[in-house]
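# Breakdown of the fold
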Amino acid sequence: MEIEGLERIISEHPFFAKMEKSFLDIVVGCAKNVRFEAGQYLFHEGEGADQFYLVRHGRLALQITSPGRGALTFQTLGEGEIVGISWLIPPYRWAYDAKALELTRAIAMDAACLRGKCEADHDLGYDMMKRFMPVLIQRLQAMRMQILDVYGTHA
Amino acid sequence: MSAADPMLPRVARVRRRRRDGPDVWTLDVDPPEGFTYTPGQFNMLTAFGVGEAPISMSGDCAKTGRLIHTIRAVGAVSSALTRLGPGDAVGVRGPFGVGWPMEVAAGHDVVVVAGGLGLAPVRPALYRLLTERSRYGKVALLYGTRRPEEILFRAELEEWRRRLDIQIEVTVDHAIGDWYGNVGVATTLIPRARFDPVNTIAIVCGPEIMMRFASVALRDAGVAPGSIYLSMERSMKCAIGFCGHCQFGPVFVCKDGPVFPYEKISRLLSMREI
Amino acid sequence: MDAGQKAVITAEGLATLFGVLKGRGYRVVGPTVRDQVIVYDDIDGLADLPAGWKDEQDGGHYRLTRRDDQALFGYVVGPHSWKKFLFPPVLRMWHAEHKPDGTQVASEPEPTQRFAFIGVRACELHAIQIQDRVFLGGSYVDPHYRARREGTFLVAVNCGEAGGTCFCTSMGTGPKADKGFDLALTELKAGSELLIETGTADGAAVLSELPHRAATAEDEAVAEAAVAHAAANMGRAMHAADVRDLLLRNLEHARWDDVAERCLSCGNCTMVCPTCFCTSVEESSDLAGVESARTRRWDSCFTMDHSYIHGGSVRQSGRSRYRQWMTHKLATWVDQFGSSGCVGCGRCITWCPVGIDITEEVRAIRASERH
């Protein structure tokens, strides 16, 4: 029952759009529902990156804290987006904090579980990589604009 | 404006001055008699004894007794203009340029993408869209700026956000502390905007890098290159096509623009140092 | 019949021309020798003309040499062009007074005296027409240019010899003056006899006050031969028909890097070019802030200031500024004004300190396309 409901939810999330049923059947085993209250942290910088999240509702701020300046938000993510890429590569550690700005519901995908399944089935692995690549590239392109400080005066 | 000498400024008086950002001020000027303009046009404003600069109008064209200019202090002339106060004289030449395609946009959805100070030249278009709301389809404003403290016209944006007939999305490049809004570049707002790409006119205004990427993002979202309009900026000493400074390839930004359809200038935009 | 009248005058007739024009209130300006160069300046009479002088011109090279005759117009064009009178290098446009009860802005008065230009070459007539189009033919009119241009009396001269850097023939702008003049002269006998042709009613009226005789077929043949000689001996050539398209499809050509290594960005070319029209403005004020004024002055696209917007100049490299000048002159000018901006006078070649030759630059780009 629980798994059927989750499978439908996962397949409806934009990240898994049009995924083959056989693959969905595999990944759903790594999934679970989670929820975060406003102000609650999903994870902190330096902690083990053992899951990634598909945001269903709500909004998160990705932050890096600096002494004196406090928490610096460099990105917000919301409904339909995914949070977490550090789980893909060793040492599997979060590089920033993620904090819920409002009540946020998400699907948490167990990283070790998913990594194992991708190793066992390379076709699944390739499908997952093809889904991650556009996210990574878009984030990189957007990040370039942010660091160029295009709104600065540069006088 | 004197028909005999288009380089002769008319003298106007500043009524009020308001700070709108860390280095941004809005001047409320008593306009020269009979002065009218359309959204997207600009004036050449003179700070007597210092010089002249092109500044877009940022107010409501329908309010003919008021002339509003939002100015960022980036150089000697703009800084002098931002120091003018009530009662001070300011020289006005204009209106100049081709403005936003308000008539072309009638019957279409309208997406306005603004960055930084770019919100000022599009504000007259927003006033027109809201005043004549029934002439347009869905209307969305996507606004990005550097930090929350630099959000221009914040109170007005919040007021518009409370309306049911316009979508307002705001983002900043980075935020410190208490900011619960979006963080990320303005282009990330486009997928979230509600509009029908094949029946949309897009108005884009901001730093050139931002306009270039926003135009590509709109085009990739399905808006036709001929339906995306940008407001270009170049050095101007005359605003009437004589000084030669504002040339951008074959076009003079002052009189062939400053508003151009993306289709007309996309090749020039991708060239370095043109 | 006012235009197309042909007559012959002697040097005495030409001397009389000065008197007639001054009598009609014109400020007479024309060629004269100064600082080892033939410039355009106020001239009083025949004695001021560079009789017996010839100019030797090449890339980055200008020398006056003595002719073995006393020809009055045996040279071509120098560093000045007529734009120095119609479109002054420095012009105060308006002044303002700031008093406690208000600010008043007033235009500077325009000159009322009209110019008479003596010795306008065919390329220069075209250059004047090109600047007419820029300043008078668009949606805005420059009142300062119009005030100086209206009523100007133009005495053209048909070149009997081509200059070392001339290429009017290939630009279709000479060497024969075909329109836009009140009178046109062709020197038949060096220093002593000239064919004179009327172009307007004003020209015919002035001719009627000069001692002259009717021109014979032989006179006309001599004149035609002189012009043909000039046409056949141009120092340079530019195949003009496709230059616009050629340059606009080669905006990233390696040749621009090549010329950038030579170009000093000195801006001489823009100063001597008879059609360049870029300007800048300066605001001035007295210390008390009571009086201020705005002055317009010639500017050049070679300066860093020319494309400066907050944050820096759009065209920072010398390469991009040279490309801007040359592609504006030969290509985008066509989009803007319906003709080339170049009249083939060769001044930019002569007065470039390193002898950059736009005909050579065009040739190099075109040649590379054939491979």
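These numbers were taken from a predicted model, which means no experiment stands behind them.

Another aspect to go through is the overall build of chain C. Counting secondary structure elements, chain C contains 13 helices and 16 strands. A globule of 371 residues ought to have a C-alpha radius of gyration of about 21 Å, and chain C, at 22 Å, matches this closely. In terms of overall dimensions, chain C has C-alpha extents of about 70 × 65 × 40 Å along its principal axes. For chain C, with 371 residues in total, the buried portion stands at 46%. Taking as baseline every contact in chain C between residues at least 6 positions apart, the subset at least 24 positions apart corresponds to 72%.

The helix and strand inventory of chain A stands at four helices and eight strands. Listing every helix and strand of chain A by position from the N terminus yields α-α-β-β-β-β-β-β-β-β-α-α. Over its C-alpha trace chain A gives a radius of gyration of 17 Å, about what one expects of a compact globule, namely 15 Å for 155 residues. By principal-axis analysis of the C-alpha atoms, chain A measures approximately 55 × 30 × 30 Å. Within chain A, buried positions represent 28% of all 155 residues.

What follows concerns helix 5 (residues 208-220) of chain B. Between its terminal C-alpha atoms helix 5 of chain B stretches 18 Å, which fits the 18 Å expected from 13 residues at 1.5 Å a residue. For helix 5 of chain B, the set of buried residues is Met210(B), Met211(B), Phe213(B), Ala214(B), Ser215(B), Ala217(B) and Leu218(B). Against helix 4 (122-147) of chain A together with strand 7 (109-115), strand 12 (200-205), strand 13 (228-231) and helix 6 (262-269) of chain B lie the buried residues of helix 5 of chain B. The first or second residue beyond helix 5 of chain B is Gly222(B), which carries a positive phi of 110°.

Once that is clear, we can look at the sheet that holds strand 13 of chain B. All names here are of chain B. Strands sit in the order 11-9-8-7-12-13-16 across an open sheet of seven strands; the sheet is mixed. Strands with a single pairing partner mark the edges of an open sheet, and in this sheet they are strand 11 (182-183) and strand 16 (259-261). The pairing of strand 7 with strand 12 spans six bridges and is classified as parallel. In the sheet register, Val112 faces strand 12, and the bridge partner there is Ile203. Its contacts with the sheet put helix 3 (residues 119-131) on strand 7, strand 8 (139-145), strand 12 and strand 13, and the angle it makes with strand 7 is roughly 155°.

Residues and elements named next belong to chain C. Its domain assignment divides chain C into domain 1 (6-232) and domain 2 (243-369). Domain 1 and domain 2 are separated by 25 Å when their C-alpha centres are compared. Elements supplying a minimum of two residues to the side of domain 1 that touches domain 2: strand 5 (61-66), strand 6 (90-99), helix 3 (122-136) and helix 5 (168-171). The dominant element in the side of domain 1 that touches domain 2, judged by the number of residues it contributes, is strand 6, at nine residues. Residue classes in the side of domain 1 that touches domain 2 are distributed as 19 nonpolar, 13 polar and five charged.

Bringing the interface of chain B and chain C into the picture now. Each side of the interface is counted separately: chain B has 32 residues, and chain C has 38 residues. Of the residues belonging to the side of chain B that touches chain C, the class tally is 15 nonpolar, ten polar and seven charged.

A few words now on unusual backbone geometry. Residues and elements named next belong to chain B. The amide bond that connects Gly94 to the next residue, Pro95, takes the cis arrangement and shows omega of 5°. Residue placement: Pro95 occurs in strand 6 (residues 89-96). In the segment running from Gly257 into Pro258, the intervening peptide bond is cis, with an omega of 10°. By secondary structure assignment, the location of Pro258 is in the loop between strand 15 (251-252) and strand 16. Phi at Phe153 is positive, roughly 55°, even though this residue is not glycine. In this structure, Phe153 sits in the loop between strand 8 and helix 4 (154-161). Using a count of 20 C-beta atoms within 10 Å as the deciding quantity, one classes Phe153 as buried.

This part is about the packing of helix 9 (residues 255-262) of chain C against helix 11 (residues 318-337) of chain C. All names here are of chain C. It is the contact of helix 9 with helix 11, at a shortest axis distance of 8 Å, that shows an interaxial angle of 105°. In terms of their interaxial angle, helix 9 and helix 11 are classed as roughly perpendicular. Judged by residue contacts, Trp256, Asp257, Val259 and Ala260 of helix 9 engage Gly318, Arg319, Tyr322 and Arg323 from helix 11. Among the residues making up the contact of helix 9 with helix 11, the classes are represented as four nonpolar, one polar and three charged.

Axis angle and axis distance: for two packed helices, these are the angle between their axes and the distance between the axes, and together they describe the pair. All names here are of chain A. Two elements in contact, helix 3 (residues 111-120) and helix 4, have axes whose closest approach is 5 Å; the angle formed by their N-to-C orientations is 120°. Compared by their axis directions, helix 3 and helix 4 come out oblique. Contacts between helix 3 and helix 4 involve Lys117, Cys118 and Glu119 from the first element and Leu124, Gly125 and Met128 from the second. When the residues that make up the contact of helix 3 with helix 4 are grouped by side-chain class, the tally is three nonpolar, one polar and two charged.

With that out of the way, let us pick up the confidence of the model for chain C. Of the residues in chain C, 99% reach a pLDDT of 70 or more, and the chain-wide mean stands at 96. Reported for the predicted complex are a pTM of 0.91 and an ipTM of 0.95.

What follows concerns the sheet that holds strand 5 (residues 67-72) of chain B. Within a beta sheet, neighbouring strands are joined by backbone hydrogen bonds and run either parallel or antiparallel to one another. Residue and element names in this part refer to chain B. Spatially, 4-3-6-1-2-5 is the arrangement adopted by the six strands of the open sheet, whose pairing is antiparallel. Two strands close off the open sheet at either side, each with one partner strand: strand 4 (51-56) and strand 5. On average, each strand axis in the sheet is tilted by 40° relative to the strand beside it, whichever way the strands run.

Our focus in this paragraph is the nonpolar core. Judged by nonpolar contacts, the single largest core of 193 residues is most densely connected at Val112(B), Leu142(B), Ala202(B), Ile203(B), Val204(B), Val155(C) and Ala156(C). In terms of residue count, helix 3 of chain C provides more of this core than any other element does, eight residues in total. Of all hydrophobic cores here, the second largest spans 30 residues; its members include Val27(A), Phe52(A), Leu62(A) and Val83(A).

A few words on the pairing of strand 14 (residues 291-298) of chain C. Residues and elements named next belong to chain C. Pairing geometry for strand 6 and strand 14, over seven bridges, is antiparallel. Note on strand 14: the bridge partner recorded for Glu97 is Glu291. When strand 13 (residues 279-285) meets strand 14, the two strands line up antiparallel, connected through seven bridges. The partner of Thr279 across the bridge, within strand 14, is Trp298.

This part takes up the pairing of strand 2 (residues 24-30) of chain B. All names here are of chain B. The buried fraction of strand 2 amounts to five of the seven residues, a majority that puts the element mostly inside the structure. As judged from the seven bridges shared by strand 1 (residues 10-21) and strand 2, these two strands associate in the antiparallel manner. Residue pairing in the sheet places Val14 in a bridge with Val29 of strand 2. A loop of two residues connects strand 1 with strand 2, the two strands running antiparallel in sequence. Judged from the six bridges that link them, strand 2 and strand 5 form a sheet pairing that is antiparallel.

Moving on: the environment of Ile176(B). Checked against the element boundaries, Ile176(B) lands in strand 10 (residues 175-176). Between the alpha carbons of Ile176(B) and Phe153(B) there is a distance of 20 Å; along the sequence they are 23 residues apart. Apart from the residues within four sequence positions on either side, Ile176(B) is in contact with Arg69(A), Gly70(A) and Leu72(A).

Residue and element names in this part refer to chain B. Note on placement: Asp30 falls in strand 2. Residues Asp30 and Ala12, spaced 18 residues apart in sequence, show a C-alpha to C-alpha distance of 6.0 Å. Sequence-distant contacts of Asp30, that is, excluding residues within four places in its chain, are made with Ala12, Arg13 and Arg15.

Reading guide: rules and limits
- Residues numbered from 1 in each chain as written.
- Chains lettered and ligands numbered in written order.
- Predicted model: local features only at pLDDT ≥ 70, side-chain atom pairs only at ≥ 80, totals over all residues.
- Helix = DSSP H or I, 4+ residues; strand = E, 2+ residues; numbered from the N terminus.
- Rg over C-alpha atoms; globule rule 2.2 N^0.38 Å.
- Buried ≥ 20, exposed ≤ 12 C-beta atoms within 10 Å, placed from the backbone.
- Contact = placed C-beta atoms within 7 Å.
- Expected span 1.5 Å × (residues − 1).
- Pairing = 2+ DSSP bridges.
- Axes fitted to C-alpha atoms, helices over the stretch in contact; angles between N-to-C directions.
- Domains from an automatic or database assignment.
- Nonpolar A, V, L, I, M, F, W, Y, C, P; charged D, E, K, R; others polar.
- Parallel < 35°, antiparallel > 145°, perpendicular 65-115°, else oblique.
- pLDDT = per-residue confidence, 0-100.
- Core = buried A, V, L, I, M, F, W, Y, C linked by C-beta atoms within 7 Å.

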